[in-house]
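# Structural characterization, general
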Amino acid sequence: MLFWILVAILTAATAAVLVLPLIRAAAPLSSPHSHDIEVYRDQLEEVTRDQKSGLISGEDAELARAEIARRLLAASAADAPIKESGPKSLRSNRVAQLFVLVCLPAVGLCLYLLTGSPGVPAQPLAARLANPGDDINILIARAENHLAANPGDGQGWDLLAPIYMRSGRVEDAVAAYDQAIRLLGPTPARLGGYAEALIVQSGGLVTADAQEALKKSLALDPNDPRSEFYLALGLKQEGRQQDALAAFRKLAGNSPVDAPWLPLVNQHIAELSAGQAPAGNTMPANPTSEDMAAAAQMDTGDRQAMIRGMVDSLSSKLKENPANFEGWMRLIRSYVVLDQRDKARDALQQGLKAFPATGEQGKQLLALGRELGIDADGEEE
């Protein structure tokens, strides 16, 4: 009942705001001839005064009156249609008032009854936080409220960090992983997640900080495939082709035959073994170690501008040569880093055209989309 009372009050207030200007009778607008009419009437009176004072003769006075009267009649005839439009404007005003008072509330009520949920009980924020259900945003808000009151809860940061990554909040994921490592200590999972968040944040570059975290992870678990993969990718980006090839081959040899990362590892091995990307699969040039060092010295704005330039270059190359699986993976992640999720969705759809969802690489693209919270819009089969 309280809801409907509030709706009625708000509707009445809105209608009043709209109707008040219509109720107030607007002063009739002066026509362009009204001033001339007043002037001609003053001239007639002036001619009469001059005749009485003897300044002009009676004959001249009659001639002057005739000319002024002719002009007065012409101005009055031109002014008549404007005066007649007054009642029509008033009728239009009444119709507008009726529309605001009757039609607008009726249309609004019908729309709400058709598309709204008047029977759903109110759900204050506190109640939604207590019972979040499957709403990921409420779950995140609940965790953030808890950590704001308990910043030393390492388990909370450890739980929230991967959720941030899946939601595309990469900078928050980096901070959450950093807090979890500081409070709970390093583990391969935390260090690997932290490094991956740094790589995504940099637009796919395996930065020095990411390499340091990956090396620490490998020191704790020498067989961690995620750390091995990204370190090998970092070697490739630095132009150390032989070292990268050896690292990828080692990872492939230690991986199960059904490992989901194995197709991508084998693709890197094929490219490095050939000394260049396969025909029709041209990759954009990887940044050199000097480029990465320069990027590390940039401020946030310059680094973002550099990343956007790299992403635009990669997007252009993929339009020319779409048969580039790794390129689509990088492009989708990069758009998420730049918070351009619509472009990430478009890139996922274009990638699935080149690598259908029924194939192994298409399945990996769909898995990446699910990880980043991007809907393929029905492309999955």
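Residues numbered from 1 in each chain as written. Predicted model: local features only at pLDDT ≥ 70, side-chain atom pairs only at ≥ 80, totals over all residues. Heavy atoms only, no water.

Inclusion rule: UniProt positions are given in the numbering used here, feature names are shortened, and annotations may be inferred rather than shown by experiment.
As annotated in an unreviewed UniProt entry, the protein carries the name C-type cytochrome biogenesis protein CcmI and is attributed to Sinorhizobium chiapasense. If you open the UniProt record of the protein and go to Subcellular location (unreviewed entry), you find "Cell envelope".

### Concerning the overall build of the protein
As a reminder of what qualifies: Every helix listed is a DSSP run of H or I at least four residues long, and every strand listed is a run of E at least two residues long, numbered separately from the N terminus. For every residue, the accessible area obtained with a 1.4 Å probe (protein chains only) is divided by the maximum for its type, and the residue is called buried under 20%, exposed over 50%, and partly exposed between those limits. Note on contacts: a residue pair is in contact if any heavy atoms of the two residues lie within 4.5 Å.
Looking only at helices and strands, the protein has 17 helices and zero strands in total. Within the protein, the fraction of its 381 residues that count as buried is 34%. Sequence-distant contacts in the protein: of pairs separated by 6 or more residues, those separated by 24 or more amount to 56%.

### Describing helix 11 (residues 241-254)
The criterion, for reference: In a helix, the anticipated span is given by 1.5 Å times the number of residues less one. As used here, the arc is the angular range of directions from the helix axis to the C-beta atoms.
Here helix 11 is 14 residues long and its end C-alpha atoms lie 20 Å apart, about the 20 Å a rise of 1.5 Å per residue gives. Listed as buried for helix 11 are Ala244, Leu245, Phe248 and Leu251. Axial view of helix 11: buried residues confined to an arc of 130°, hence all on one face. Residues Gln242, Lys250 and Gly253 are exposed on helix 11 and point more than 90 degrees away from its buried face. Buried-residue contacts for helix 11 involve helix 10 (225-237) and helix 12 (262-274).

### Some thoughts on the side chain of serine 255
Threshold: Pairing of N or O atoms within 3.5 Å defines a polar contact, subject to two protein rules: one partner must be a possible hydrogen donor and the other a possible acceptor, and residues neighboring in sequence count only if both atoms are side-chain atoms.
Tracing the backbone through its elements, the reader meets serine 255 in the loop between helix 11 and helix 12. Within polar-contact distance, the side chain of serine 255 engages the backbone oxygen of leucine 251 at 2.5 Å. Looking at serine 255, its side chain comes within polar contact range of the side chain of tryptophan 261, at 2.9 Å. Once you skip the residues sitting within four places of it in the chain, serine 255 turns out to touch Trp261 and Leu262.

### Points about the nonpolar core
So the rule is basically this: Working definition of a nonpolar core: buried Ala, Val, Leu, Ile, Met, Phe, Trp, Tyr and Cys residues. They are joined through side-chain atoms within 4.5 Å.
Grouped together as the largest cluster of nonpolar side chains are 64 residues, with contacts concentrated most on Phe229, Phe248, Leu331, Ile332 and Leu365. For this core, the element with the most residues is helix 15 (residues 325-337), which contributes eight residues. Dropping the residues within four chain positions of it, phenylalanine 229 is found in contact with Phe248, Leu251, Leu264, Val265 and His268. Counting seven residues, the second-largest nonpolar core is a separate cluster that includes Ile37, Tyr40, Ile68 and Leu72.

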